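Chain and residue survey
Chain residues, written in single-letter form:
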Amino acid sequence: MPIPRIISFTGWSGAGKTTLITRLIPVLMARGLRVSTIKHAHHGFDLDKPGKDSWAHREAGAAEVLVASGKRWALMHELRGEPEPELRDLLTKLVPVDLVLVEGFKRTTPIKIEVHRPVLGQALIFPEDPAVAAVASDVPMQLPATVCGLALEDVDAVADFVVSRAMPLAAWLA
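Residues numbered from 1 in each chain as written. Predicted model: local features only at pLDDT ≥ 70, side-chain atom pairs only at ≥ 80, totals over all residues. Heavy atoms only, no water.

1. Remarks on the layout of surface pockets
- A volume near 1,500 Å³ is recorded for the largest pocket.
- Residue lining of the largest pocket: 31 residues in total, with F45, L75, M76, H77 and L90 positioned closest to the centre.
- Residue classes in the lining of the largest pocket are distributed as 15 nonpolar, 7 polar and 9 charged.
- Of the voids in this model, the second largest pocket is the one considered here, and its volume is about 280 Å³.
- Lining the second largest pocket are L47, D48, K49, K52, S54, V67, A68, S69, R72, W73, A74 and M76.
- Elements that contribute at least two residues to the lining of the second largest pocket include exactly β3 (64-68) and β4 (73-77).
- Here the lining of the second largest pocket takes 3 residues from β4, the largest share from any one element.
- Each residue belonging to the lining of the second largest pocket can be placed in one class, and the counts come to 6 nonpolar, 2 polar and 4 charged. (1 Å grid on protein atoms, 1.4 Å probe; cavity = no way out; pocket = protein on both sides within 12 Å on 5 of 7 lines; lining within 4 Å. Points joined across faces, edges and corners; volume = space filled by probe spheres on them. Nonpolar A, V, L, I, M, F, W, Y, C, P; charged D, E, K, R; others polar. Helix = DSSP H or I, 4+ residues; strand = E, 2+ residues; numbered from the N terminus.)

Put into structure tokens, the structure is as follows:
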């Protein structure tokens, strides 16, 4: 992949999106790709802990708090009433990589793999979402010719699909 690319994973809660992504990342890395992820959280979340200095800085009103160590750094930006940032804006915060895997952002991602488990009793998303290019499921499914069927457990096949079909980031952002 000579240019940065993006692909998203969509599906109902409990379908296995996170599990698939965490299994996929090492496979893609073994192929020589640098991978980053963006995860949308539907509910409020916090990486910080009450009582920590960084938490105290945020509670005091800091707009941003950057915490750094010899192993990693994290930047926490408080919205404080500002609108939730768009995926396009968040992508500019990442360092350049070969591939960005997105979990969530259902309405804004350009190409998607739907993760589906029929046992959950939820309807498929792809009939209503033309951006879904593949369905990864734990059971074989009859799909239209425009949607690729992938076995959820065949991470190498999912990686092949991702590498061949992820959209160039610059084309989507243009």
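2. What about the pattern of salt bridges?
- Enumeration over the complete set of coordinates arrives at 6 salt bridges.
- In this structure, E103 and K39 form a salt bridge, with 3.6 Å as the shortest nitrogen-oxygen distance. You can see E103 sitting in strand β5 (residues 99-103) and its partner K39 sitting in strand β2 (residues 35-39), a full 64 residues away along the chain.
- With its nearest N and O atoms 2.6 Å apart, the salt bridge here joins R58 to E78. Placement of R58 in helix α2 (residues 53-59) and of E78 in the loop between β4 and α3 (87-91) is noted, with a sequence separation of 20 residues between them. (Salt bridge = Lys/Arg side-chain N within 4 Å of Asp/Glu carboxyl O.)

3. A look at the environment of L20
- Its location among the elements puts L20 in helix α1 (residues 17-30).
- For L20, a relative accessible area of 2% corresponds to the buried category.
- Sequence-wise, L20 and F9 are 11 residues apart; in three dimensions their C-alpha atoms are separated by 9.0 Å.
- In this structure, L20 is in contact with F9, V115, A136, L152, V155 and V158, ignoring residues within four places of it in sequence. (Buried < 20%, exposed > 50% of the residue type's maximum accessible area, 1.4 Å probe, protein only. Contact = heavy atoms within 4.5 Å.)

4. Digging into the side chain of S36
- By the secondary structure assignment, S36 is in strand β2.
- When residues no more than four places from it in sequence are discounted, the contact partners of S36 are L94, V97, L99, V100 and L101.

5. Notes on unusual backbone geometry
- The phi angle at R80 is positive, at roughly 45°, despite the residue not being glycine.
- By the secondary structure assignment, R80 is in the loop between β4 and α3.

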